[in-house]
Amino acid sequence: MKTVLRSVATAALLAAVSMTTWAQDKAGVTTAASSKFAALPGLPTCATLSVQRGDPTKGAAVILAKATTGCLIPWHWHTTLESLMFVSGKAKIEMKGAAAAAAATGDYVYLPGKHQHQFTCVAACTFFIATDGAFDIHYVDKDGNEIPIEKALPPAKKPAAAGKPGAGKK
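Since the model is a prediction, treat every value here as computed from it, not as a measurement. (Residues numbered from 1 in each chain as written. Predicted model: local features only at pLDDT ≥ 70, side-chain atom pairs only at ≥ 80, totals over all residues. Heavy atoms only, no water.)

Caption draft 1: Summary view of the side chain of His117. With respect to the element layout, His117 can be found in strand β8 (residues 117–131). Residue His117 is classed as buried on the basis of its relative accessible area, which comes to 3%. Excluding residues within four positions of it along the chain, His117 makes contact with Pro74, Trp75, His76, Trp77, His78, Glu82, Glu94, Met95 and Leu111. (Helix = DSSP H or I, 4+ residues; strand = E, 2+ residues; numbered from the N terminus. Buried < 20%, exposed > 50% of the residue type's maximum accessible area, 1.4 Å probe, protein only. Contact = heavy atoms within 4.5 Å.)

Given below as structure tokens:
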């Protein structure tokens, strides 16, 4: 089951990569306005990504990410290192063995490979993610044990119907 979910997430990331345009070995500018953002299975829907350089399914990459206010990416780790560079917004970064830290416009966050952390966007966040290898995500429970994606990211509950059944009918 884990392999199937990881394969689906990898395929979705590959699709997101193919939606973006970049030149691997040519100088150039990619504007934020021209970046195409997509949700990625394996991440909460409140976060979207746009690959700016590289292929994150195969190796080092630079990704522009957006997260809405209140977006939580629960406790997890990545095989490779992750560097975050904040363009706008505010976030709370929690790392195993350290006090929670705030990150805001202009801030840099370094997360070593396999280091457990959690991310909460406090005010609409835009930031770059740089990796030195293929991007993956492994969710963990409160004890640090790896858990499946569906346990870490349960489906959103449907809102209850407003009012009583038949209300407003004559």
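Caption draft 2: Up close: the environment of Asp55. Within the secondary structure, Asp55 is located in the loop between β2 (47–54) and β3 (61–67). Classification of Asp55 as buried rests on a relative accessible area of 18%. Note: C-alpha distance between Asp55 and Gly133 (78 residues apart in sequence) is 9.2 Å. For Asp55, the side chain forms a polar contact with the side chain of Thr57, separated by 2.5 Å. (Polar contact = N/O pair within 3.5 Å; in protein donor to acceptor, adjacent residues only side chain to side chain.)

Caption draft 3: Expanded view of the pattern of salt bridges. By the definition in use, this model includes two salt bridges. Across the pair Lys92 and Glu94 runs a salt bridge, and its minimum N-O distance is 3.9 Å. Taking relative accessible area as the criterion, Lys92 reaches 35% and is therefore assigned partly exposed. The salt bridge partner of Asp143 is Lys142, with a shortest N-O separation of 3.6 Å. A relative accessible area of 78% means that Lys142 is categorised as exposed. (Salt bridge = Lys/Arg side-chain N within 4 Å of Asp/Glu carboxyl O.)

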